[in-house]
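Notes for the structure review
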Amino acid sequence: MPSLPSPTQPATITIAPLEVRSASLAEQAYERLRTLILDRQISAGSPLQEARLAEDLRISRTPMREALVRLAGEGLLVRRDARSYAVRALGTKEYFDCMRAREVIECEAIALAVGKITDAEIDTLEADILALGGGEHGETEHWHFDDRFHLLIAKASGNVVFPRLVEELRVNARLFRLHSPLHRQPENHDEHGEIIRALRARDAERARATMRDHLRGLQEDVRRALTE
């Protein structure tokens, strides 16, 4: 597992070399680093040196550079100097701005999804909730479940833009160091259950309200953490 270095030292990552397969080396490097960043296995502010990463992955610097430029274009990295990048750290104001935008989009998305989401899709969401509530889980597993949950609802809305916006806002929020699903596991479980019940009832206003309560609960958790 990658270590969490101090921001003043280059990130030391134990990372397996890439394998030759159909996807380009640049694409593979991009996918590997993006996963490490979103799973918080590389800490915000840690320098990522192009040459060191290329050596670790056993690829040339050209595909490594392409991957880093792409991640920077998505807002996951910021350039530190000519030879290195760093994982972007999200500020408090931007975090709350992202969450308010999520409220607007996801409350509308779930209201639209009520009439379109299938029983099978609702069953899938409910099964995931039950599996996650059945024992102790790490932060990464929670993130991956939460991604599936919110993106499935956004896709079920029928609006082709909503899933892309929701994913982008969720990625931004994950860069905020105080935002973690582990801070409120029981609350998340209960709120997801309320959302499922509203979807099963095909009640658009109830679904909108349960999604709003859930997203505001996440924000309140961060506000408490900021005052502690």
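Residues numbered from 1 in each chain as written. Predicted model: local features only at pLDDT ≥ 70, side-chain atom pairs only at ≥ 80, totals over all residues. Heavy atoms only, no water.

An unreviewed UniProt entry annotates the chain as GntR family transcriptional regulator originating from Verminephrobacter aporrectodeae subsp. tuberculatae.

The nonpolar side chains of a soluble globular protein tend to be buried with one another. Core analysis: the biggest nonpolar cluster contains 50 residues, and Ile-37, Met-64, Leu-77, Tyr-95, Phe-149, Ile-153 and Leu-199 have the highest contact counts within it. In this structure, Cys-98, Ile-105, Ala-109 and Ala-154 belong to the second largest nonpolar core, which totals 8 residues. (Core = buried A, V, L, I, M, F, W, Y, C linked by side-chain atoms within 4.5 Å. Buried < 20%, exposed > 50% of the residue type's maximum accessible area, 1.4 Å probe, protein only.)

Moving on, we come to unusual backbone geometry. Despite not being glycine, Arg-40 has its phi angle at roughly 60°, a positive value. Along the polypeptide, Arg-40 turns up in the loop between helix 1 (25-38) and strand 1 (47-49). Located in the positive-phi region is Arg-202, a residue other than glycine, with phi close to 55°. As for its position among the elements, Arg-202 is in the loop between helix 8 (185-200) and helix 9 (204-227). (Helix = DSSP H or I, 4+ residues; strand = E, 2+ residues; numbered from the N terminus.)

What follows deals with the packing of aromatic side chains. We describe a pair of aromatic rings using the distance from one ring centre to the other and the angle between the two ring planes. With the rule as written, the count across this model stands at 3 aromatic pairs. For the ring pair Tyr-95 and Phe-176, a centre distance of 4.6 Å and an interplane angle of 15° mean the geometry is stacked. Of this pair, Tyr-95 sits in helix 4 (residues 92-113) while Phe-176 sits in the loop between helix 7 (162-174) and helix 8, placing them 81 residues apart in sequence. A single burial state applies to Tyr-95 and to Phe-176, both of which are buried. Residues Phe-145 and Phe-149 carry aromatic rings whose centres are separated by 5.7 Å and whose planes lie at 45° to one another, so their mutual orientation is tilted. Taken together, the residues Phe-145 and Phe-149, both in helix 6 (residues 139-156) and 4 residues apart, mark about one turn of the helix. The same class applies to Phe-145 and to Phe-149, which are both buried. Residue placement shows Arg-70 over the ring face of Tyr-30; its charged tip is 3.6 Å from the ring centre. (Phe/Tyr/Trp six-rings, centres within 6.5 Å; stacked < 30°, edge-to-face > 60°. Lys NZ or Arg CZ within 6 Å of the ring centre and 35° of its normal.)

Below, the discussion takes up the environment of Leu-33. Examined against the element boundaries, Leu-33 turns out to sit in helix 1. Look at Leu-33 and you get buried, because its relative accessible area is 1%. It is 9.5 Å that separates the C-alpha atoms of Leu-33 and Leu-53, two residues lying 20 residues apart in sequence. What Leu-33 contacts, discounting residues up to four positions off in sequence, is Leu-53, Met-64, Leu-68 and Leu-71. (Contact = heavy atoms within 4.5 Å.)

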